[in-house]
Amino acid sequence: MTIHHHLNDATLMAYAAGSVSESLSFVIATHLSVCSTCRARVAEMESLGGAELESQSEMTMSSTALDNVMALLDDDFFVEESKISKPVANSNIPSPLRDYLPHDYEALEWKTMAPGVKYFTLDGVNAGKGTLRLLKIAPGVTIPEHTHEGTELTLVLKGSFSDEVGRFKAGDIADLDDDIHHQPIADTDEDCICLIVTEAPLKFKAMMPKLFQYFVGM
Ligand SMILES: [Zn+2]
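Residues numbered from 1 in each chain as written. Predicted model: local features only at pLDDT ≥ 70, side-chain atom pairs only at ≥ 80, totals over all residues. Heavy atoms only, no water.

(A) Focus on helix 1 (residues 9–16). For helix 1, every residue scored as buried is listed here: Thr 11, Leu 12, Tyr 15 and Ala 16. Buried residues along helix 1 cover an arc of 135° about the axis, so they all sit on one side. At the exit of helix 1 stands Gly 18, carrying a positive phi of roughly 70°. (Buried < 20%, exposed > 50% of the residue type's maximum accessible area, 1.4 Å probe, protein only. Helix = DSSP H or I, 4+ residues; strand = E, 2+ residues; numbered from the N terminus. Arc of directions from axis to C-beta.)

(B) Focus on the pairing of strand 1 (residues 111–114). Inspection of the sheet shows strand 1 paired to strand 2 (residues 117–121) by 3 bridges, in the antiparallel sense. Bridging across to strand 2, Lys 111 finds its partner in Tyr 119. Hairpin remark: strand 1 followed by strand 2, antiparallel, with 2 residues in the connecting loop; positive phi at Gly 116, about 80°. (Pairing = 2+ DSSP bridges.)

(C) Seen up close, the sheet that holds strand 9 (residues 185–186). With antiparallel pairing, the 3 strands of this open sheet are ordered in space as 7-6-9. Single-partner strands in this sheet number two, and they are strand 7 (167–169) and strand 9. Pairing of strand 6 (residues 160–162) with strand 9 involves 2 bridges; the strand directions are antiparallel. When the bridges of strand 9 are listed, Ser 162 appears paired with Ile 185.

(D) How the structure looks around the pairing of strand 5 (residues 152–158). Of all 7 residues in strand 5, 6 are buried, a share of seventy percent or more. One ladder, built from 4 bridges, connects strand 5 with strand 8 (residues 173–176); its direction is antiparallel. The residue bridging Thr 154 from the neighbouring strand is Ala 174, located in strand 8. Two strands pair when backbone bridges link them, and strand 5 and strand 10 (residues 192–198) are joined in this way by 6 bridges, in the antiparallel orientation. Across the sheet, the residue bridging to Thr 154 is Ile 196, located in strand 10.

(E) Broad picture of the coordination of the zinc ion. Only His 6 (ND1), His 31 (NE2), Cys 35 (SG) and Cys 38 (SG) from the protein reach the zinc ion as donors, at distances of 2.1 to 2.3 Å. Note that the zinc ion binds 4 donor atoms; their angles at the metal cover 91 to 131°, and the shape is tetrahedral. All donors of the zinc ion come from a single chain, and their spacing in sequence reads H-x24-H-x3-C-x2-C. Cys 35 shares its class with His 31; the two are buried. (Donors = N, O, S within 2.8 Å, 3.2 Å for Na, K, Ca; no water. Tetrahedral: all angles 85-135°; square planar, octahedral: opposite > 155°, others 65-115°.)

(F) Geometry of the confidence of the model for the protein. Considering every residue of the protein, the mean pLDDT works out to 78; 67% of them sit at 70 or more. Counting interchain partners and residues more than four positions distant, the pLDDT-below-50 stretch residues 76–90 has 19 contacts. Predicted confidence for residues 205–218 stays below pLDDT 50, and this span has 6 contacts to residues more than four positions away or in other chains. (pLDDT = per-residue confidence, 0-100. Contact = heavy atoms within 4.5 Å.)

(G) A look at unusual backbone geometry. Following Ser 95, the chain continues to Pro 96 via a peptide bond in cis, the omega torsion being 5°. Structurally, Pro 96 can be placed in the loop between helix 4 (63–84) and strand 1.

(H) Examining the packing of aromatic side chains more closely. For the structure shown, the criterion picks out 3 aromatic pairs. Ring geometry for Phe 26 against Tyr 100: centres 5.0 Å apart, planes inclined by 85°, an arrangement best described as edge-to-face. Of the two residues, Phe 26 is situated in helix 2 (residues 22–34) and Tyr 100 in the loop between helix 4 and strand 1; the sequence distance between them amounts to 74 residues. In this structure Phe 26 comes out as buried when scored by relative accessible area, which is 5%. Accessibility expressed as a relative area gives 27% for Tyr 100, which makes it partly exposed. Residues Trp 110 and Phe 120 carry aromatic rings whose centres are separated by 6.4 Å and whose planes lie at 65° to one another, so their mutual orientation is edge-to-face. Residue Trp 110 is found in the loop between helix 4 and strand 1, and its partner Phe 120 is found in strand 2; the two are separated by 10 residues along the sequence. The same class applies to Trp 110 as to Phe 120, namely buried. (Phe/Tyr/Trp six-rings, centres within 6.5 Å; stacked < 30°, edge-to-face > 60°.)

See below:
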């Protein structure tokens, strides 16, 4: 699998420090399970983080506090590492996602979101106020243009889509900042199946002028 789109360093750093939400962490771990490049970055950050903590500890941290922090880091790392290193026979579903799917993609109970767009909500991972779901987008269908209030990660599992940033194929992840507007279009050869996590509801761009009018009293 050749991966062209990776997680941002800021996202990987937050993940390595254990400061991302459960649902974000889940999608990040799923990308890591197929991406040796990002796995290596995380390992590098883990070891830099450890060295940094050790040097700080001599001046500012008690050894107990340091041990606690290190224990947390180790736990996170090894839990994810054990999840991601499991080879899965006869399945294209990356671990750890596979642990949460009752069936193969095609056999899931997809619900309709919009013409040409179906979704399957993942139960069992706490998504807080955001969402964690699979989307299945029919060939050539466009997802409405939207901006993001929080973080959104889109990991392609099957098929591909294109947006202003480029073409995203299986294994690629779109790691978007708050203020990027984007309009993904599923490529035309097959359904595009993605794992998408959002930290807060998306605000669709078409709503913005109305809201703006409301706030300025126009
Ligand atoms: Zn990557």
